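Descriptive structure summary
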Amino acid sequence: MEAIVAVYSDWGIGSDGTQPIVISEDRKRFAALTRGAAVIYGRRTMDDFPSGAPLEGRVNILISRNGETPGATVVRSPEEAVEEAEKYERCFAVGGASIYMALFPHLTRIYVTKIDAAPHSDAFFPNLDSLPEWKCVEEEPYEEGGVSCRFCIYERTGCAGA
């Protein structure tokens, strides 16, 4: 399973259920990488999608205890989401923080947009640079609106002592 996330300098990912700074190239990258794949997310993340509804062109797996949602397969737990994800060739965890943390042990690759800014965040992603089992295998600098960014790909190395 993979994940895709935009993080700020302090590995913050958002505040009050949304991203304080939005990078349009990050949104384009998200769309390109996830189109045709399955995506797993929670209700607050779906509420923050531009349409407030499941994403078009993807298999949507929503972790929620609140009934059915047209356009999404609703599962009640991260464990059920992992079972559902196994049906698909490619699946991305796309947020929020509690979903990333619950699925973190299952992740093998993470696409990270690092945004060189530190707005107030109340939700965070693990600092992959401080975890020995994760390695940045690709990095591409980018700038938008005077904000420096880096598109990075991290892969799990297979052992915590590597």
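All values reported here derive from a predicted model rather than from experimental measurement.

Before going further, it helps to spend a moment on the UniProt feature "domain: DHFR" (unreviewed entry) in the chain. In this structure's numbering, the residues bearing the UniProt feature "domain: DHFR" (unreviewed entry) are residues 1-156. Summarising residues 1-156: 21% helix, 37% strand, and an end-to-end C-alpha distance of 11 Å.

Pairing is possible between side chains of opposite charge, provided their charged atoms come close. Summed over the entire model, instances satisfying the criterion amount to 8 salt bridges. R109 is the salt-bridge partner of E2, the closest N and O atoms lying 3.8 Å from each other. On the criterion of sequence distance, the pair formed by E2 in strand 1 (residues 2-8) and R109 in strand 7 (residues 109-115) is long-range, its members being 107 residues apart. Under the relative-accessibility criterion, E2 is labelled buried at 10%.

In this section: the pairing of strand 1. In terms of burial, strand 1 is a largely internal element, 7 of the 7 residues being buried. Judged by which residues are buried, strand 1 turns out to be covered on both faces: E2, I4, A6 and Y8 on one side and A3, V5 and V7 on the other are all buried. In terms of strand pairing, strand 1 meets strand 6 (residues 91-95) through 2 bridges, oriented parallel. Looking across to strand 6, one finds that E2 is bridged to F92. One ladder, built from 7 bridges, connects strand 1 with strand 7; its direction is parallel. By the bridge assignment for strand 7, V5 is matched with V112.

So, how was this worked out
- Residues numbered from 1 in each chain as written.
- Predicted model: local features only at pLDDT ≥ 70, side-chain atom pairs only at ≥ 80, totals over all residues.
- Heavy atoms only, no water.
- UniProt positions renumbered as here; feature names shortened; annotations may be inferred.
- Helix = DSSP H or I, 4+ residues; strand = E, 2+ residues; numbered from the N terminus.
- Salt bridge = Lys/Arg side-chain N within 4 Å of Asp/Glu carboxyl O.
- Buried < 20%, exposed > 50% of the residue type's maximum accessible area, 1.4 Å probe, protein only.
- Pairing = 2+ DSSP bridges.

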